[in-house]
Amino acid sequence: MGIVEKRAVSEHGWICFPGGATKESSKGTFCRGMAQFPIYSWSAVMFLTLAGRAVGDLDCNLAGEDKQESELEKAVLASLAPLRNRMFSQRITQGSSDYTYNFTVCGTAGNTSKPGAGLVQIDNKDGKETVVGRIDDTDIVRGTDWILLMYGKGDKYNNHCGGEERRAMIMISCSPKTIAANFMMVNEERTKVEACFYLFEMDSSVACPPEDTRLSVGSILLIVLASLVALYLIVGFLYQRLVVGAKGMEQIPNYSFWQDLGNLMADGCDFACRSKPRNVTTAYRGVGDDQLGEEQEERDDHLLPM
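The following paragraphs examine the structure supplied in this document. Here the residue numbers are simple positions, counted from 1 along each chain's written sequence. For a predicted model such as this one, the threshold for reporting local features is a pLDDT of at least 70, and the threshold for listing and counting side-chain atom pairs is 80 or more; totals across whole chains, interfaces and linings nevertheless cover every residue. Side-chain numbers here rest on the full set of heavy atoms in the structure, without hydrogens or water.

Some points on the pattern of salt bridges
- The rule for a salt bridge is simple: a side-chain nitrogen of Lys or Arg has to be within 4 Å of a carboxyl oxygen of Asp or Glu. Overall, the coordinates contain five salt bridges when judged by the stated rule.
- Here Arg91 ties to Asp98 by a salt bridge, and the two come within 2.5 Å at their closest N and O atoms.
- Remark: exposure states derive from per-residue accessible area (1.4 Å probe, protein chains only) relative to the maximum for the residue type, with buried under 20%, exposed over 50%, and partly exposed in between. Judged by its relative accessible area of 12%, Asp98 is buried.
- For Asp155, the salt bridge goes to Arg134, with nearest N and O atoms at 3.5 Å. Of this pair, Asp155 sits in the loop between strand S9 (146–152) and strand S10 (168–174) while Arg134 sits in strand S8 (residues 129–142), and the two are 21 residues apart along the sequence.
- Judged by its relative accessible area of 22%, Asp155 falls in the partly exposed class. Going along the chain from the N terminus, every DSSP run of H or I of four or more residues is numbered as a helix, and every run of E of two or more is numbered as a strand.

Structural data, given as structure tokens:
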């Protein structure tokens, strides 16, 4: 039997969906089965679902046609996930001007009347809000330790840059110890005829290059060597103690060799570094007869008795 696909509203305020059925009784119509919800609960669910979709639609839209966006840009944009929907602000007072800049990563920074405004300028004197860049025209570039996020389609200039749309550029620099900090405006370039922009900067760990956790060849060799030395000592110690029956220092494997190691090393150094052999016999020259003077004859006649 197929599932009864029927929708009915009972007098008790319940709504039946596919998989449920209604049943008449003396108390009125009611739902039978598990597919039943109160009407007011279902209205709340529908509202939250639609609201969630609306919020989810407010996301960075990379420049370009749909399904033709750069995969590299998508990957860089995904790395900004820890910063999404965070609000960053800076107030700048210079001379008679007093502005506050609000910036949100892939979210709305302005009021509800200007959806998609990723970076806005607010005049603190009259509260006028100017959109510097929108998230539906996003470009992003990644370097070694920085990310450049760009919002286009801002409000048009009145008297500068040929009346073109404003554009925001946010330079995110690597800072390993912070998620996000030090948001500040650097400059507004509006002296050109076109391609004007607002430049901002901030610090974040999301711009840092991924750490290389792989072991180097030298580290692997050291680990292998240390493992072999530990295995040699443990096995040798057990053999000397349990099989040979050695005690004390004699339990060290090849104890006599390690005792003589210092002398062996000294002998090797002596052999390799000395310029002359150690045991060289000194050549002695004998005294020749020609070097001896004529021996004077000793006269001992005066010792004889007269």
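Brief notes about the state of the cysteines
- Two cysteine sulfur atoms form a disulfide, by the criterion used here, when they sit within 2.5 Å. Scanning the entire structure with this criterion turns up three disulfides.
- Disulfide pairing is shown between Cys60 and Cys106; the S-S distance is 2.1 Å. Residues Cys60 and Cys106 are joined by a disulfide whose S-S torsion is about -105 degrees; by sign, that bridge is left-handed. On the criterion of sequence distance, the pair formed by Cys60 in the loop between helix H1 (39–57) and helix H2 (71–78) and Cys106 in the loop between strand S6 (97–104) and strand S7 (117–123) is long-range, its members being 46 residues apart.
- In this structure Cys60 comes out as buried when scored by relative accessible area, which is 11%.
- By relative accessible area, which is 2% here, Cys106 ends up buried.

Concerning a nonpolar patch on the surface
- Together, Leu225, Val229, Tyr232, Leu233, Met249, Ile252, Phe257, Trp258 and Leu264 make up an exposed nonpolar region whose accessible area comes to about 820 Å².
- Take the nonpolar patch: its biggest share by element is four residues, from helix H3 (residues 217–244).
- Within the element layout of this structure, Leu225 appears in helix H3. A patch consists of residues whose relative accessible area exceeds 30% and which take part in no salt bridge; residues with like charges are grouped when within 9 Å of each other, and nonpolar side chains (Val, Leu, Ile, Met, Phe, Trp, Tyr) when within 5 Å. Accessible areas in this description were obtained via Shrake-Rupley with a 1.4 Å probe; residue shielding takes into account the shown protein chains only.

Thoughts on unusual backbone geometry
- The phi torsion at Lys153 lies on the positive side, around 55 degrees, for a residue other than glycine.
- Here Lys153 shows up in the loop between S9 and S10.
- Unusually for a residue other than glycine, Asn254 sits at a positive phi of about 55 degrees.
- What makes Asn254 partly exposed here is its relative accessible area of 45%.

Let's talk about H2
- Listing the buried residues of H2 in full gives Glu73, Val76 and Leu77. Along the long axis of H2, the arc covered by the buried residues comes to 100 degrees, so they all point the same way. Residues of H2 that are exposed and point more than 90 degrees away from the buried face comprise Glu71 and Leu72.
- Throughout, a residue-residue contact means that at least one pair of heavy atoms, one from each residue, lies within 4.5 Å. As for H2, its buried residues are in contact with S8 and S9.
- Think of a polar contact as two N or O atoms within 3.5 Å of one another; within protein, one of them needs to be a possible hydrogen donor and the other a possible acceptor, and neighboring residues in sequence only count if both atoms come from side chains. Backbone nitrogen of Leu72 and a side-chain oxygen of the N-cap are separated by 3.3 Å at the start of H2; the cap is Ser70. This arc is taken over the directions from the axis of the helix to the C-beta atoms.

Some remarks on the packing of aromatic side chains
- A pair of Phe, Tyr and Trp rings is counted when the ring centres sit within 6.5 Å of each other, with Trp represented by its six-membered ring. The angle between the planes then sorts it: under 30 degrees is stacked, over 60 is edge-to-face, the rest tilted. Per the stated rule, a full pass over the model turns up eight aromatic pairs.
- Considering the side-chain rings of Phe183 and Phe200, the 5.5 Å spacing of their centres and the 10 degrees angle between planes classify their relative orientation as stacked. Of this pair, Phe183 sits in strand S11 (residues 181–189) while Phe200 sits in strand S12 (residues 197–204); the two residues are 17 residues apart in sequence, bridging distant segments of the chain.
- Taking the relative accessible area as the measure of exposure, Phe183 reaches 10% and is therefore buried.
- Ring-pair connections join several aromatic residues into one group, and the members of that group are Phe88, Tyr101, Phe103, Tyr151, Phe183, Tyr198 and Phe200.
- Distance and angle both matter: a charge sits over a ring if NZ of Lys or CZ of Arg is within 6 Å of the ring centre and within 35 degrees of the ring normal. Positioned above the aromatic ring of Tyr157, the side-chain terminus of Arg166 is 4.5 Å from the ring centre.

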